[in-house]
Amino acid sequence: MAEKTTVDVVADKVHGAVDVVADAVKNLTVKAPKPKKAKTGGDGTNALEITPPPEYLQWRIDLFEALKKKYDDEVAQKPRDPITVTLPDGKVIDGKAWETSPLDIAKGIAKSLSEKVVIAKVDGKLWDLPRPLESSCKLQLLTFDDEEGEKVYWHSSAHVLGEACELHYGCHLCLGPPLEDGFYYEMGMEGSVTHADYPALETLAKKAIKEKQPFERLVISKPDLLNMFKHNKYKQHFINTKVPDNTTTTVYRCGPLIDLCLGPHIPNTGRIKAFAVTKNSASYFLGDAKNDSLQRVYGISFPDNEKMKQHKLFLEEAAKRDHRKIGKEQELFFFDDLSPGSAFMLPAGTKIYNKLMDMQKAEYRKRGFSEVITPNMYNSKLWETSGHWANYSEDMFIVDVEKDKWALKPMNCPGHCVMFAHRERSYRELPIRFADFGVLHRNEASGALSGLTRVRRFQQDDAHIFCTIEQLAAEMDGCLDFLQHTYGIFGFEFHLNLSTRPENYLGEIETWDKAEGMLEQALNKFGHPWGLNPGDGAFYGPKIDISITDALRRKHQCATIQLDFQLPQRFELQYRSKDMTYERPVMIHRAVLGSVERFMGIIMEHFGGKWPFWISPRQIIVVPVAAKYNDYAIEVQQLLYQQGLNAEADLTDLTLNKKIRNAEVALWNFTFVVGQDEQEARTVNCRNNRDEKDSKMGNKGEVVALDVILPKLVHLNESRAREQII
């Protein structure tokens with residue numbers, strides 16, 4: 001149903017933004033300067049810098065300095081007209097055009113502010129702090145604590161990492177973007193990055209930081225850009241494909257690094273107070289396996305050491321909550337090279353998976369959705385009609401059958417259009433809400449696969465609504481209410497963004513403007529704060545992307561609501577109206593959980609493996625104090641099981657204390673201990689393993705009659721409560 005979104009994976013977002021034709025760079029090979037064999041120092045680490053240094057370093061510097069002198073001379077001739085600078089609080093400060101900078105303004109307010117601020121915003125546009133203002137404007141000063149300030153800070157840190165990589169490897173840099181949690185730089189080079197390289201890279205980065213290298217901005221023409229980066233085919237490619245002829249763009253310099261970059265950046269490298277290399281991986285140029293294999297180095301930085309300490313603690317907690325670790329420990333799922341990116345759901349994992357789907361199916365009945373089943377594979381003619389063949393075929397599994405091209409479906413929407421069109425429809429039937437849990441396949445690159453959060457085979461709580469234009473507002477209200485209800489069950493905060501027309505859009509601009517206006521009205525009526533993602537819509541319509549925030553304050557994109565005027569046109573969908581004419585329906589694509597696999601991985605980490613009772617695969621374990629009470633333990637287990645509860649009996653010959661401890665370690669929600677007294681009185685000794693008091697060894701728990709506790713457990717199971725109170 002939903003197209004791949006940009007919040008899922010930040011690296012995909014970067015490559016997608018490049019939007020270039022990969023054929024132009026197929027079969028390219030890197031001819032990086034071959035360094036001498038790196039000598040090891042007395043501590044056994046690699047030498048810091050290759051010798052001799054790459055030829056391109058001095059080449060770029062000489063050209064930059066010549067062009068910078070010319071540019072500075074031009075700026076010096078600019079008239080220093082009086083200007084006014086308006087701050088967010090309404091205060092107006094006088095200045096001079098081409099002389100007064102945002103940093104000057106910050107220093108005039110307070111020295112402490114000038115040291116804390118990392119970037120400026122001039123009339124809503126990000127602006128380097130030392131860059132002179134050119135006219136009267138509105139000015140905002142952003143710190144690392146602002147989202148945009150954080151991104152700029154990490155983008156600048158990526159340049160520092162790029163500088164270290166060039167000096168250490170003599171590599172050819174490609175892309176170095178900020179991420180949601182740090183940054184990376186990828187490069188073409190001989191050999192591979194190893195963990196042993198990290199100390200050398202960090203030493204070089206810290207040396208650049210200590211030098212307080214200024215970030216210098218320079219506007220350069222396309223011919224000069226091609227000349228400056230003549231040694232780097234990746235930069236050449238970006239210049240040729242992204243910079244139109246007879247135009248200019250910018251480069252930034254810090255120390256020996258000069259990089260093709262739109263900026264802006266922090267004033268100097270000295271603003272970085274804590275820096276660390278975190279990991280490395282391989283990638284492909286432009287994300288295409290047909291192109292060069294690149295090396296990617298990731299890092300993190302902060303404006304103070306305390307934030308770095310907090311980040312390391314966060315990483316430790318995140319490692320404990322890693323869904324791949326929990327999945328293995330709790331025997332929920334596994335992967336096998338025989339089917340990469342396709343999860344093998346074990347019995348316990350399947351219980352969670354089914355609970356999620358059952359939860360949505362119950363809501364479907366309440367909200368007027370009809371569940372349908374559609375084919376898994378379609379002839380390419382379907383995808384050509386929908387537009388996916390031209391826009392999405394590289395991400396599809398395509399097979400040849402009887403001289404025709406077929407593909408496994410990566411989304412359900414075209415099939416639902418076929419279902420709508422298979423007979424004549426009347427306005428009385430609308431809205432029609434088709435819900436589909438069909439299996440989907442997307443041909444993700446093997447290097448992008450990551451546990452349950454990035455897979456090739458998955459299912460979605462996918463639905464498509466066909467309605468009249470008059471019904472659209474009510475349907476949008478229902479979609480937003482649905483996701484608010486679902487996320488409330490798990491205690492997720494959520495954030496809304498309106499994603500608008502992309503470059504590869506289908507249809508007329510007037511139609512897009514109308515659709516975007518309708519979504520904006522729905523968001524305003526919903527009353528929840530929302531943001532704007534310009535150009536990030538699906539090719540067939542604008543959408544509302546919803547990201548949730550987990551217990552570690554990480555954001556994940558799951559839900560999407562997409563408005564589509566294009567597919568109804570492409571499939572020639574129609575319904576008979578009241579006046580007996582034919583009208584085109586409006587189509588809404590929506591998912592709340594999104595990929596069930598991905599959502600399962602997210603909640604696994606959100607709860608740290610301590611499942612709320614209703615979704616837990618291990619709700620109650622019955623422990624007899626001795627073998628002679630095994631029959632009663634089995635009887636209790638069967639009573640629980642017959643009530644739809646996940647219950648087992650521990651009939652092993654371990655000691656009682658060991659059984660109780662094992663139940664706690666395995667994160668069973670409740671432990672029922674039974675012995676002579678319990679058997680005679682038809683009771684259980686109930687230990688609530690989510691209650692700190694009950695989970696301490698030596699606590700005897702609470703004796704409760706079976707006929708009292710059973711209905712309480714059933715109610716707890718049906719209530720979908722997060723708290724375990726009976």
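Residues numbered from 1 in each chain as written. Predicted model: local features only at pLDDT ≥ 70, side-chain atom pairs only at ≥ 80, totals over all residues. Heavy atoms only, no water.

J.: I tried to follow the overall build of the protein chain on my own but got confused; where do I start?
T.: When you go through the protein chain residue by residue, the secondary structure sums to 23 helices and 34 strands. Since a compact globule built from 726 residues should have a radius of gyration of about 27 Å, the 30 Å found for the protein chain is in line with a globular shape. Within the protein chain, the fraction of its 726 residues that count as buried is 52%. For the protein chain, restricting intrachain contacts to residue pairs at least 6 apart in sequence, the fraction spanning at least 24 positions comes to 70%. Counting every atom, the protein chain has about 33600 Å² of accessible surface; 50% of that belongs to carbon and sulfur. (Helix = DSSP H or I, 4+ residues; strand = E, 2+ residues; numbered from the N terminus. Rg over C-alpha atoms; globule rule 2.2 N^0.38 Å. Buried < 20%, exposed > 50% of the residue type's maximum accessible area, 1.4 Å probe, protein only. Contact = heavy atoms within 4.5 Å. Areas by Shrake-Rupley, 256 points an atom, 1.4 Å probe, with all protein chains shown as cover.)

J.: Sorry, what's going on with the nonpolar core here?
T.: It is characteristic of soluble globular proteins that their nonpolar side chains tend to be buried jointly. Core analysis: the biggest nonpolar cluster contains 57 residues, and L356, Y487, F490 and F599 have the highest contact counts within it. Ranked by residues supplied to this core, first place goes to helix α15 (residues 472-490) with nine residues. With near-sequence residues (within four places) excluded, Y487 lies in contact with F492, F494, I546, I548, C558, A559, V592 and F599. Judged by nonpolar contacts, the second largest core, of 44 residues, contains Y56, L57, A164 and F183. (Core = buried A, V, L, I, M, F, W, Y, C linked by side-chain atoms within 4.5 Å.)

J.: Quick question: what am I supposed to make of the pattern of salt bridges here?
T.: Two side chains bearing opposite charge may form a pair once their charged atoms approach each other closely. If you walk through the whole model with that rule in mind, you get 39 salt bridges. A salt bridge links D400 to K405; the shortest N-O distance between them is 3.0 Å. Taken together, the shared-partner salt bridges in this structure form one network comprising E363, K366, R367 and D481. (Salt bridge = Lys/Arg side-chain N within 4 Å of Asp/Glu carboxyl O.)

J.: What exactly am I supposed to notice about empty space enclosed by the protein here?
T.: Unoccupied space between atoms shows up once a probe the size of one water molecule is rolled over them. Applying the stated rule across the entire model yields one cavity of 30 Å³ or more. In this structure, the largest cavity is lined by Y56, R60, E166, C171, H172, L173, M228, F229, H231 and N232. Looking at the lining of the largest cavity, the elements with two or more residues in it are α2 (55-76) and β6 (172-173). (1 Å grid on protein atoms, 1.4 Å probe; cavity = no way out; pocket = protein on both sides within 12 Å on 5 of 7 lines; lining within 4 Å. Points joined across faces, edges and corners; volume = space filled by probe spheres on them.)

J.: Help me out: how do you make sense of the pairing of strand β10 (residues 248-254) in this one?
T.: Remark: a regular strand shows side chains that alternate across the two faces of the sheet. Within β10, six of the seven residues are buried, which leaves the element mostly enclosed by the surrounding structure. Examined bridge by bridge, strand β9 (residues 216-221) and β10 share six bridges and lie antiparallel to one another. Residue V219 lies in a different strand from β10, and its bridge partner there is T250. Note that β10 and strand β11 (residues 257-260) share four bridges and pair antiparallel. Across the sheet, the residue bridging to Y252 is D259, located in β11. Between β10 and β11, which pair antiparallel and follow one another directly, the connecting turn spans two residues, one of which, G255, has a positive phi of 60°. (Pairing = 2+ DSSP bridges.)

J.: Sorry if this is basic, but what is going on with the sheet that holds β10 here?
T.: Whether parallel or antiparallel, the strands of a sheet pair through hydrogen bonds between backbone atoms. Strand order in the open sheet formed by three strands is β9-β10-β11, with antiparallel pairing between adjacent strands. Both outer strands of the open sheet, β9 and β11, are each paired with one neighbouring strand and no more. Strand-to-strand twist across the sheet, computed as the mean angle between neighbouring axes with direction ignored, equals 30°. Those strands touched by α2 are β9, β10 and β11, and its axis lies near 90° from that of β9. Against the sheet, helix α5 (residues 147-169) makes contact with β10 and β11, and its axis sits at roughly 120° relative to β11, the strand it touches most. (Axes fitted to C-alpha atoms, helices over the stretch in contact; angles between N-to-C directions.)

J.: Any chance you could explain the side chain of E605 here in plain terms?
T.: For E605, the position within the fold is in helix α18 (residues 596-606). Looking at E605, the relative accessible area reads 10%, which means it is buried. Here E605 is in contact with R321, D322, H323 and R554, once residues within four sequence places are set aside.

J.: I tried to follow the confidence of the model for the protein chain on my own but got confused; where do I start?
T.: The predicted coordinates ought not to be read in detail in places where the model reports low pLDDT. Mean pLDDT over the protein chain: 90, with 93% of residues reaching 70 or higher. Contacts of residues 1-45 to residues separated by more than four positions or lying in other chains number 115 contacts, the stretch itself having pLDDT below 50. (pLDDT = per-residue confidence, 0-100.)

J.: Before we go on, may I ask you to explain the sheet that holds strand β33 (residues 683-688) in this structure?
T.: Pairing is mixed across the open sheet formed by five strands, whose spatial order is β31-β30-β32-β33-β34. Looking at which strands have only one partner, the edges of the open sheet turn out to be β31 (647-649) and β34 (702-705). Across this sheet, the average inter-strand angle for adjacent strands is 30°, counted without regard to direction. Alignment of β33 against β34, held across four bridges, turns out to be antiparallel. By the bridge assignment, C686 is partnered in β34 with E702. In this fold helix α19 (residues 630-642) packs onto β30 (620-624), β31, β32 (670-674) and β33, with an angle of close to 165° to the strand it touches most, β30.

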